[in-house]
Amino acid sequence: MKVPMVDMLAGYPAIKDEAEIAVKNVMNKGNFILGEEVAKFEKEFAALNGSRYAVGVANGTDALRLAILAAGIKPGDEVITTPFTFIATTETISQTGAVPVFADIEPDTYNLDPVSVEKKITKKTKAILPVHLYGHPVDMDPIMALAKKHNLKVIEDCAQAFTAQYNLGGKAWKYTGAIGDCGTYSFFPAKNLGAFGDGGLVTTDDPKIYEELKALRNHGSKVRYLHDMEGFNSRLDTIQAAILSVKLRHVLKWTEMRNAVAAKYAAALKDVCATAVVRPNCRHSFNYYTIRFNSKATRDNEQKHLTENGIANQIYYPVSLHLQKAYAHLGYKRGDLPVSEKTQDEVFSLPMYPELTDEQIKTVTDAVKAAV
Ligand SMILES: *Cc1c(COP(=O)(O)O)cnc(C)c1O
């Protein structure tokens, strides 16, 4: 049996009728650009996430770009982030004229290590950009403490972590993206909440950042054809917003289904490899399910076996960003961030989506066991 990484159509029957009505509604109204469905979705998203404001944008990369600008990051500023992420996280820092500064990751969650972050803080540091990788929250208590101490902004990359939760200060469960100054989200179809195309969003509790984000996504304009600054064309499509409103009503259930799949993977594989960690003060959103082996050779052999048996698998991410050609000018070398470098050689991710069946899960886990 073939098992894909994600199955875009598996979740469609559950929302088909509502989604098609929502799209037809927009088509019949013709309010394609910043129609009322966008504002409606933003309100619903903010309410679910426990954020004061939400601003829909064109994609998750632009969500980062606009959040970085709205948070006041300027050319020459340093932004500390993880090398173990998708390049969108750092492209948007560099393209603002700021400098990504890489700290190392934790060996169990693969997220930014607060101890390493602290060592990277300089006079030029203006922000920390934690990425809640695979859907496991970053350890936000020490990150927020560092930000407070050094007066830094915190922008959370929640592209893989919508509906993940963190128990802030051991007192209050918060959704990721409702902890720092801004949370950024992607509605790329394969994410926890996927559009039928591209989409993104930024959350914030700060009214000034909110106003700035709204202007930035629409050519820097608050009043039509009046521009206090330059901005972008980066609006969330009305049709996508209408679909996302429908899907939003299902997303918590989908996260539970993902967690149920994860529990089955963990039960079957716990004696075979390192399974996904979920810290007691965290709730995972399982955008990806990642396992780890004790050497590159074992990992590579596992991947080969799965691929030969029609089971999709993917390394997120095979080369840490500080070792990529695109960042050669930053001067990092192998050995600088040893945890990230070791992790890239030992992990890969298994198929993960809410509707994976028990039979599919068994096919995957049997294949992983057979290759050991
Ligand atoms: C998907 C993703 C992005 C970018 O989102 P797009 O909507 O594809 O632009 C940014 N950061 C991370 C960690 C991602 O996984």
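Basis of the calculations
- Residues numbered from 1 in each chain as written.
- Predicted model: local features only at pLDDT ≥ 70, side-chain atom pairs only at ≥ 80, totals over all residues.
- Heavy atoms only, no water.
- Domains from an automatic or database assignment.
- Contact = heavy atoms within 4.5 Å.
- Buried area = accessible area lost by both parts, 1.4 Å probe.
- Salt bridge = Lys/Arg side-chain N within 4 Å of Asp/Glu carboxyl O.
- Polar contact = N/O pair within 3.5 Å; in protein donor to acceptor, adjacent residues only side chain to side chain.
- Nonpolar A, V, L, I, M, F, W, Y, C, P; charged D, E, K, R; others polar.
- Near = heavy atom within 4 Å.
- Helix = DSSP H or I, 4+ residues; strand = E, 2+ residues; numbered from the N terminus.
- Pairing = 2+ DSSP bridges.
- Axes fitted to C-alpha atoms, helices over the stretch in contact; angles between N-to-C directions.
- Buried < 20%, exposed > 50% of the residue type's maximum accessible area, 1.4 Å probe, protein only.

Domain boundaries assigned for the protein chain yield domain 1 (12-248) and domain 2 (251-371). The C-alpha-based centres of domain 1 and domain 2 are spaced at 24 Å. With 46 residues of domain 1 in contact, the opposing surface of domain 2 contributes 36 residues. Approximately 3600 Å² of surface area, both sides summed, lies buried where domain 1 meets domain 2, with 58% of it carried by carbon and sulfur atoms. At the junction of domain 1 and domain 2, the tally comes to two salt bridges. Two residues, Arg-279 and Asp-108, come together in a salt bridge whose shortest N-O distance is 3.0 Å. The tally of links between domain 1 and domain 2 comes to 25 residue pairs in polar contact (both at pLDDT 80 or more). Among the residues forming the side of domain 1 that touches domain 2, the class breakdown is 26 nonpolar, twelve polar and eight charged.

The environment of the ligand is formed by 14 residues, the closest being Gly-60, Thr-61, Gln-160, Ser-186 and Lys-191. Within the side chain of Thr-61, an N or O atom sits 2.5 Å from an oxygen atom of the ligand. Interatomic distance of 2.8 Å between a side-chain N/O atom of Gln-160 and an oxygen atom of the ligand. Secondary structure elements with two or more residues in the shell around the ligand: α3 (60-70) and α4 (88-95). Broken down by element, the residue count for the shell around the ligand peaks at three residues, all from α3. Of the residues in the shell around the ligand, the class split is five nonpolar, seven polar and two charged.

This part covers the sheet that holds strand β4 (residues 125-129). Judged by pairing direction, the sheet is mixed, and its seven strands sit side by side in the order β1-β9-β8-β5-β4-β2-β3 without closing on themselves. Either end of the sheet is taken by a strand with one partner, and the two such strands are β1 (53-57) and β3 (99-102). In this sheet, neighbouring strand axes are inclined to one another by 25 degrees on average, regardless of whether the strands run parallel or antiparallel. With four bridges joining them, strand β2 (residues 78-81) and β3 adopt parallel strand pairing. Note that in β3 the partner of Val-79 across the bridge is Pro-100. The sheet contacts of helix α2 (residues 36-49) involve β1, β8 (182-186) and β9 (200-204), and relative to β1 the element is tilted by about 130 degrees. Against the sheet, helix α7 (residues 207-216) engages β1, β8 and β9, with an angle of about 15 degrees to β1.

What follows concerns the sheet that holds strand β12 (residues 282-283). The three strands lie next to each other as β7-β6-β12, forming an open sheet whose pairing is antiparallel. Because the sheet does not close on itself, it has two edges, and the strands there are β7 (172-175) and β12. With two bridges joining them, strand β6 (residues 165-168) and β12 adopt antiparallel strand pairing. When the sheet's bridge partners are listed, Gln-165 is paired in β12 with Arg-283.

Time to look at the pairing of β8. Of all five residues in β8, five are buried, a share of seventy percent or more. Alternating residues of β8 divide into Cys-182, Thr-184 and Ser-186 and Gly-183 and Tyr-185, and every residue in both groups is buried. Sheet analysis places strand β5 (residues 153-157) next to β8, joined by three bridges and oriented parallel. If you follow Asp-157 over to β8, its bridge partner there is Thr-184. Pairing geometry for β8 and β9, over five bridges, is antiparallel. Residue pairing in the sheet places Ser-186 in a bridge with Gly-200 of β9.

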